[in-house]
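Architecture at a glance
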Amino acid sequence: MSYNPSEIESKWQKIWDEKGAFEPLDDQQLEKKYILSMFPFPSGRLHMGHVRNYSIGDAMARYYRKQNYNVLHPIGWDAFGMPAENAAIKHGRHPKDWTYSNIDYMRKELNALGLSFSKTREFATCDELYTKWEQSFIIKMFESKLLFRESTTVNWCEDCHTVLANEQVEEGCCWRCDNEVELKEMPGYYLDIVKYADELLEDLKELEGKWPTQVLGMQSNWIGKSQGLEFGFKLSTKSQEKLGGAFKSFEVFTTRPDTIYGVTYTALAPEHPIVKALIKAGLLADDVVEAIANIANMSEIERAKANKEGYDLGISVIHPLTGETIPVWTANFVLASYGGGAVMSVPTHDERDFEFAKQYNLPLKVVVDGGEEGSAYTGEGKLINSELFDGMKNVKAKAKIITYFEEQGLGKGTTNFKLRNWGISRQRYWGAPIPFVHCDACGLVAEKVENLPIALPEDVEITGEGNPLENHPTWKNCACPSCGKDAIRETDTLDTFVQSSWYQFRYATHPSKWETTGIDREDVNYWLGVDQYIGGIEHAILHLLYARFFTKVLRDLGFIENIKEPFENLLTQGMVLMDGSKMSKSKGNTVDPDGLIAKYGADTARLFTLFAAPPQKELEWNDSAVEGAFRFIKKLYDRKSKVTLNSLPTIEHSRLNKEEKLARAKVYEAVKKSTDVYEKTFAFNTLIASCMEALNALDKQKNEQVWSEGMYILLHLLEPITPHVCAELSEVLFNSENLAHKIKVLEEVFVQDTITLGVSVNGKRRGEIEVESGASKETILEQARASVAKWLENKSIVKEIVVPNKLVNLVIK
RNA sequence: GCGGAUGUGGUGAAAUUGGUAUACACGCCAGACUUAGGAUCUGGUGCUUCACGGCGUGGAGGUUCGAGUCCUCUCAUCCGCACCA
């Protein structure tokens, strides 16, 4: 009978379903593995990226299950988010209905791929039960002051009609819709991730060698720790008077305290309170006010692209060490949100300051030897024009000057981070409501835990205009949890990245406890950390940073213990490409997994994805290579006729002929390779190649024992990759016995009677010899010399090198 | 500018970690079986040369008996961040 994937695959999927074959066991004494692929957004259909992600994870899960590990391999749905609302706007479908029906469809698709997920632990993040516990964490964070509400300048996407976190802005545009982000002042909720910046940075060290260096680098870059000096510039008496006594000084931050004597001006961000005060008091010329307003209205990219621009504010400060009077400017390149929104400017030793100073003819003063007035010298050197620090190496002077400022009470050494607090408010409907209430009498009040979940109202109109929760006629009216008077419910919902920040703990919590607890400490202690996490590089910062942060917060709040990092090992899989570019609907270069499975079956889809490239690399789609994968499975299936023994035979290796020995060697090479691949390199492509070689070698001999052994082992090795066909053949041929235990490597099969050695002369390959496996060095050399006699004529041999089992190299002169 | 990678046949990619470069697969060529094949099987396939040979892992050096692998410099491509003081 010829290979019929659809029949075999549906048969086994049904068997696995009925047996609950992939449920983790409750016995926490067992050795465990937690294999996790990033959960999908239920967009409606799987794409090839999912197929790749889940094929990798599934191979690992199946591998460890076969090694008798207790394996947790769950799946769920990252189910809140904009697309559900967009579908509502476009097609008039309710987001909830749209989401859950997509989940139903995609669940079937996952099943058709034969993925070995636990079914009892599946959930969607929009399940009210999930929202309930998430809201309880949020309230706890509020009580612990890790969550707060404030009004500040935020990234606003007009298209999505919502605020975005810094991590969600890519080159000034919205990560989801690519619309240019505007800056806008508005209130919102924030998580104090900056408080954890140092720990998030520090713990990256523990992930070295376990996470891709690229991801570690990106995270550490994003956190952006820098150390320096923070100090105040006192405003001149005249300037203080000008400002009506409202300001005495302003703080600046510098990483170059060594250049402190080179300060010739200072610059404030256009949003700085002093600038605002000057404008309010009418102390700036109309055209300057207008220009400042223009800058403030610019988006991030516009500002980044714009030329340097600034205005003298007509006020001055006193240099803390020299007592000199220094002008204060406002400049478009000073960021409001970093280092207090003010800088000291040393044009001779900072590129930006130099450019600006040149443009506006501001004074220059060289303070590091090696510098000159014609450019900004940022290299090392001895300090000059720096009073008591003259002659000191600038690198050393940094610390000295900080100490001096501290002694004099002028300033202090500080650490600054690029990382900003995580804005978690979204002005949208399809998300978890933020469980707070605004009360005229009590202010901002957290909802009572017993009232959770605060669920979304179902009767909403989703038009794309405004916030549907705010527009809902009654939902936001409620009683204040504190005083009982009429109050208003918060209408912002949580960023969906909040849901994906703790799902790894939810899966680990036994489903029987889901009603009564959000995260079970004991279960989490057993299952976490995730032994292998697999997902796309696009989450290098976003999700992976948030989830790391959440883990630390949940630990500090006592929800989990002993866990520093959620994801022990991380594999970031490459994109699936077609004709060199990312598959996308708009380009029309997609491959539909359903169609692929219908044509070739899930096993071929899985085999191809793992064979075409190592998982970390991009995968270029190739239809005829898919055919090749299909051919291999057909061939494997066809060779079942060669198997005559239904268990692993004991073979007397020495009695075999050359081809038979070679076939066995290839088979056991694949066994060796398999451990390496599954546990270390994940280079499934090489394991599959090794299995192909083994099958090719088996084909070159006729020994029934060797065939039976070979198939027994190959089916075992390939089961995690092509589970259906392997399960089928294993059942028919070996009563599935070959899938039930680990295969031992028989070293004896690698011992050969004769060995082929390459012969090189001066490192160039000139010949080849075949010697008895136990041949002496002399014998080998004798043969080697004879084999390349031609090259040795009229030459003398200077050195002879014999590398056992590899080659001979003769060095001649 | 900063950070991280990657450069090997026509293509996707291997190389036991310093030891016979191009395994495995796709494609291509030839042949077999066929009424036919876009099915299947067999063989061939780095470049160059009539040949002996020569040349070959982005490029240039170096270490070594021996380098895709180690070192120095350099070029190209890709990704992330980017006026963070």
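Starting afresh in each chain, residues are numbered from 1 along the sequence in its written order. All chains are assigned letters beginning at A, and all ligands numbers beginning at 1, according to the order in which they are written. The model is predicted, so local features are restricted to residues of pLDDT at least 70 and side-chain atom pairs to those at 80 or more, both for listing and for counting; the totals for chains, interfaces and linings are taken over all residues. To obtain the side-chain values, all non-hydrogen atoms of the structure were used and water was disregarded.

Observations regarding the overall build of chain A
What chain A contains, in helices and strands, is 27 helices and 30 strands. For chain A, the spread of C-alpha atoms along the three principal axes comes to 105 × 85 × 50 Å. The contact definition used throughout considers only heavy atoms, calling two residues in contact when any of these lie within 4.5 Å. Contacts in chain A between residues at least 24 apart in sequence constitute 72% of all its contacts with a sequence separation of at least 6. Areas reported here follow the Shrake-Rupley algorithm with a probe of radius 1.4 Å; residue values treat only the protein chains shown as occluding. Working note: accessible area of chain A is about 35800 Å², and carbon and sulfur atoms make up 48% of it. Side-chain charges of chain A comprise 95 positive and 116 negative groups, with the mean position of each set lying 5 Å from the other. Numbering of helices and strands runs from the N terminus, with a helix taken as a DSSP run of H or I at least four residues long and a strand as a DSSP run of E at least two residues long. When charges are tallied, Lys and Arg are placed among the positive residues and Asp and Glu among the negative ones, while His and the ends of the chain are skipped. One atom stands in for each charge, and that atom is NZ of Lys, CZ of Arg, CG of Asp or CD of Glu.

Some remarks on the environment of Asp127
Looking at the secondary structure, you find Asp127 in the loop between α4 (95–112) and α5 (128–143). Once the C-alpha coordinates of Asp127 and Asn685 are considered, the two residues, 558 residues apart in sequence, prove to be 39 Å apart.

Here's the deal with the nonpolar core
By size, the foremost hydrophobic cluster in this structure holds 173 residues, and its most contacted members are Met141, Trp422, Leu554, Trp621 and Phe684. Dropping the residues within four chain positions of it, Leu554 is found in contact with Phe137, Met141, Trp502, Phe505, Ile519, Phe559 and Ile560. What we call a nonpolar core is a set of buried Ala, Val, Leu, Ile, Met, Phe, Trp, Tyr and Cys residues that are connected through their side-chain atoms within 4.5 Å. When a residue's accessible area, from a 1.4 Å probe over protein chains only, is under 20% of the maximum for its type it is buried; when over 50% it is exposed; and in between it is partly exposed. With 35 residues, the next largest nonpolar core counts Ile260, Val275, Ile326 and Val328 among its residues.

Some thoughts on the packing of aromatic side chains
Here a pair means two rings of Phe, Tyr or Trp (six-membered ring of Trp) with centres within 6.5 Å. Their orientation is stacked below 30 degrees between planes, edge-to-face above 60, and tilted elsewhere. Per the stated rule, a full pass over the model turns up 45 aromatic pairs. On the basis of an interplanar angle of 25° and a centroid distance of 3.8 Å, the ring pair of Phe39 and Tyr503 is categorised as stacked. Of this pair, Phe39 sits in the loop between β1 (32–37) and α2 (48–66) while Tyr503 sits in helix α16 (residues 503–508), and the two are 464 residues apart along the sequence. Across this residue pair, the class does not change: Phe39 and Tyr503 are buried. The rings of Phe39, Phe123, Tyr130, Phe137, Trp502, Tyr503, Tyr507, Trp514 and Phe559 are connected pair by pair, giving a single aromatic cluster. When the NZ atom of lysine or the CZ atom of arginine is within 6 Å of a ring's centre and also within 35 degrees of its normal, the charge is said to sit over that ring. The ring centre of Tyr69 lies 5.2 Å from the NZ or CZ of Lys33, which sits over that ring. Here the guanidinium or amino end of Lys308 rests over the ring plane of Phe333, the centre of that ring lying 5.0 Å away.

A short note on empty space enclosed by the protein
We place a 1 Å grid over just the protein atoms. Points where a 1.4 Å probe fits but has no way out form a cavity, open points with protein on both sides within 12 Å along at least 5 of 7 lines form a pocket, and any residue with an atom within 4 Å of a point lines it. Grid points are joined across faces, edges and corners, and a volume is the space filled by probe spheres set on the points. Applying the stated rule across the entire model yields two cavities of 30 Å³ or more. Roughly 190 Å³ of internal volume is contained in the largest cavity. Taken together, 18 residues line the largest cavity, and the ones lying closest to its centre are Gly81, Met82, Arg176, Arg426 and Thr496. For the lining of the largest cavity, the secondary-structure elements that each account for two or more residues are α3 (82–91), β4 (162–164) and β21 (493–494).

Regarding the domain arrangement of chain A
Its domain assignment divides chain A into domain 1 (5–125 + 500–573), domain 2 (133–192 + 423–496), domain 3 (225–417), domain 4 (636–749) and domain 5 (752–812). Residue ranges assigned to the domains are those given by an automatic or database domain assignment. A C-alpha centroid distance of 26 Å is found between domain 1 and domain 2. Between domain 1 and domain 2, the residue contacts involve 33 residues of the former and 28 residues of the latter. Interface area for domain 1 against domain 2, summed over the two sides, is near 2700 Å², with a carbon-plus-sulfur share of 71%. Buried area is calculated as the accessible area (1.4 Å probe) missing from two parts once they are joined, with the contributions of both summed. When residues of domain 1 are sorted by the area they lose upon contact with domain 2, Phe80, Met82 and Glu85 head the list and together hold 23% of the total. One side-chain nitrogen of Lys or Arg within 4 Å of one carboxyl oxygen of Asp or Glu is enough to make a salt bridge. At the junction of domain 1 with domain 2, the criterion picks out two salt bridges. Glu458 is the partner of Lys96 in a salt bridge, and the nearest nitrogen-oxygen pair spans 2.6 Å. For the side of domain 1 that touches domain 2, the secondary structure elements donating two or more residues are α3, α4 and α18 (542–556). Per-element tally for the side of domain 1 that touches domain 2: the top contributor is α18, with seven residues. Residue type decides the class: Asp, Glu, Lys and Arg count as charged, Ala, Val, Leu, Ile, Met, Phe, Trp, Tyr, Cys and Pro as nonpolar, and the leftover types, Gly among them, as polar. For the side of domain 1 that touches domain 2, a count of residues per class yields 21 nonpolar, seven polar and five charged.

Side note on the sheet that holds strand β17 (residues 436–439)
The antiparallel open sheet is built from four strands, whose spatial order is β18-β17-β20-β19. The strands lining the two open edges of the sheet, one partner per strand, are β18 (443–446) and β19 (477–479). Sheet twist, expressed as the average angle between the axes of neighbouring strands with direction ignored, equals 45°. Examined bridge by bridge, β17 and β18 share four bridges and lie antiparallel to one another. Its bridge partner lying in β18, Phe436 is registered against Ala446. Between any two strands, pairing holds if DSSP finds at least two bridges. The axes are straight lines fitted to the C-alpha atoms, using for helices just the contacting stretch, and the angles between their N-to-C directions are given from 0 to 180°.

What about unusual backbone geometry?
Trans is the common state for peptide bonds, and a negative phi is the common state for residues other than glycine. Residue Leu452 is joined to Pro453 through a cis peptide bond whose omega torsion reads 0°. Mapped onto the elements of the fold, Pro453 is located in the loop between β18 and α14 (468–471). Leu528 connects to Gly529 through a cis peptide bond whose omega is -5°. Topologically, Gly529 is positioned in the loop between α17 (521–527) and β22 (532–536). Phi is positive for Asp178, which is not a glycine, with a value near 70°. Residue position: Asp178 is located in the loop between β6 (173–174) and β7 (182–191). Asp178 gets classed as exposed once you look at its relative accessible area, which sits at 56%.

As for a negative patch on the surface
There is a patch of like negative charges on the surface, built from Glu158, Asp159, Glu180, Glu182, Glu302 and Glu465. Along the chain, the position of Glu465 falls in the loop between β18 and α14. We classify Glu465 as exposed; its relative accessible area is 59%. Any residue with relative accessible area above 30% and no salt bridge may belong to a patch, with like charges joined within 9 Å and the nonpolar Val, Leu, Ile, Met, Phe, Trp and Tyr side chains within 5 Å.

Section: the protein's contact with RNA strand B
Think of it this way: one heavy atom of a residue within 4 Å of a molecule or strand is enough to make that residue near it. Taken together, 50 residues form the shell around RNA strand B, and within it Thr255, Arg303, Lys308, Arg352 and Arg765 come nearest. Throughout this description, a polar contact denotes any pair of N or O atoms lying within 3.5 Å of each other; where both atoms belong to protein, one of them has to be capable of donating a hydrogen while the other can accept it, and for residues adjacent in sequence the pair is counted only when both atoms sit in side chains. Note that a phosphate oxygen of RNA strand B is positioned 2.9 Å from one of the side-chain N or O atoms of Asn685. For the surface near RNA strand B, the secondary structure elements donating two or more residues are α7 (213–223), β9 (249–254), α11 (300–305), α21 (623–638), α23 (684–699), β28 (764–772), β29 (797–803) and β30 (807–812). At six residues, α23 tops the list of elements feeding residues into the surface near RNA strand B. Looking at the surface near RNA strand B residue by residue, the classes come out as 20 nonpolar, 14 polar and 16 charged.

Digging into a nonpolar patch on the surface
On the surface, Ile801, Val803 and Leu807 cluster together to form a nonpolar patch covering roughly 180 Å² of accessible area. The topology assignment puts Ile801 in strand β29. When its relative accessible area of 31% is taken as the criterion, Ile801 is described as partly exposed.

Section: the side chain of Thr509
Mapped onto the elements, Thr509 comes out in the loop between α16 and α17. Within the structure, the side chain of Thr509 is placed 2.9 Å from the backbone oxygen of Phe505, a separation counted as a polar contact. The residues contacting Thr509, other than those within four sequence positions of it, are Arg121, Trp514, Thr517, Gly518, Ile519, Asp520, Asp523 and Val524.

Topic: the pattern of salt bridges
Applying the stated criterion across every chain, the model contains 48 salt bridges. Here Arg655 and Glu652 are joined by a salt bridge, their closest N and O atoms 3.9 Å apart.

Quick word on the environment of Asp192
Along the chain, Asp192 falls in the loop between β7 and α6 (197–202). Residues within four places of Asp192 in sequence aside, it is in contact with Leu146, Phe148, Asn421 and Phe549.

Remarks on the side chain of Thr259
One can find Thr259 in the loop between β9 and β10 (265–268). Residue classification places Thr259 among the buried positions, given a relative accessible area of 2%. If we skip the residues at most four places from it in the chain, Thr259 touches Met344, Val346, His349, Val367 and Val368.

Focus: the pairing of strand β8 (residues 225–235)
As paired strands, β8 and strand β14 (residues 411–417) are joined by seven bridges and run antiparallel to one another. Paired with Ser226 across the bridge in β14 is Asn416. In the sheet, β8 pairs with β9 via six bridges, with the strands oriented antiparallel. Residue pairing in the sheet places Lys234 in a bridge with Ser249 of β9.

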